[in-house]
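Overview (structure and organization)
Listed below are the residues making up each chain.
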Amino acid sequence: MARGNAVWARVYYRNTTGEELRSVLTLMGPGGRTVELHCAPAAHDEPGTCETPRVPSSGTPGSATAIAEFVGAGPVEEAPLLLRAGSERAPGSRG
């Protein structure tokens, strides 16, 4: 997401599994700049959001991308990847 010269990432979710899930939301900008946020989606059927802090944009509009990953419970090394979703660059953007 972008407004003015700030960018941030947001993911909407609904955890209907009834189990503990973990998620990581990563915002990647030009020049290798990265913001990562760990979220713990509640185990109920209510919608929720996870959002990174807003950071100044150092590139052209559409130069940042975001990835949201949701994993199951258990040790990090063994937790199954349940979903990986990424943003797309805006039409006509370069990079």
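This write-up is about the structure you can find in this document.

The rules behind each value
- Residues numbered from 1 in each chain as written.
- Predicted model: local features only at pLDDT ≥ 70, side-chain atom pairs only at ≥ 80, totals over all residues.
- Heavy atoms only, no water.
- Pairing = 2+ DSSP bridges.
- Helix = DSSP H or I, 4+ residues; strand = E, 2+ residues; numbered from the N terminus.
- Axes fitted to C-alpha atoms, helices over the stretch in contact; angles between N-to-C directions.
- Disulfide = S-S within 2.5 Å.
- Buried < 20%, exposed > 50% of the residue type's maximum accessible area, 1.4 Å probe, protein only.
- Contact = heavy atoms within 4.5 Å.

1. Examining the sheet that holds strand β8 (residues 65-71)
- Spatially, β5-β4-β8-β9 is the arrangement adopted by the four strands of the open sheet, whose pairing is antiparallel. The strands lining the two open edges of the sheet, one partner per strand, are β5 (34-39) and β9 (81-86). When the angles between neighbouring strand axes are averaged without regard to direction, this sheet yields 15 degrees.
- For β8 and β9, the ladder comprises five bridges, and the chain directions are antiparallel. Following the sheet pairing, Glu-69 is matched in β9 by Arg-84.

2. Points about the state of the cysteines
- In the structure shown here, the tally under the stated rule is one disulfide.
- The side chain of Cys-39 participates in a disulfide bridge whose partner is Cys-50; the two sulfur atoms lie 1.5 Å from each other. Of the two residues, Cys-39 is situated in strand β5 and Cys-50 in strand β6 (residues 47-51); the sequence distance between them amounts to 11 residues.
- According to the relative accessible area criterion, Cys-39 is buried, its value standing at 17%.
- Residue class for Cys-50 comes out buried when judged on its relative accessible area of 3%.

3. What about the pairing of strand β4 (residues 22-28)?
- Counted residue by residue, β4 has five buried out of seven residues, so it is predominantly covered.
- In this sheet, β8 lies alongside β4 in antiparallel orientation, the contact comprising seven bridges. Among the inter-strand pairings, Leu-27 is bridged to a residue of β8, identified as Ala-66.
- Note that β4 and β5 share six bridges and pair antiparallel. Counterpart to Ser-23 in the pairing with β5 is Cys-39.

4. Considerations on the sheet that holds strand β2 (residues 6-7)
- Spatial ordering of the open sheet is given by β1-β2-β7, a layout of three strands whose pairing is antiparallel. Two strands in the sheet have a free side with no partner beyond their single neighbour: β1 (2-3) and β7 (55-56).

5. Examining the side chain of Ser-23
- Its location among the elements puts Ser-23 in strand β4.
- Given a relative accessible area of 4%, Ser-23 falls into the buried group.
- Look past the residues within four positions of Ser-23 in its chain and what remains in contact with it is Leu-37, His-38, Cys-39, Pro-41, Glu-69 and Phe-70.

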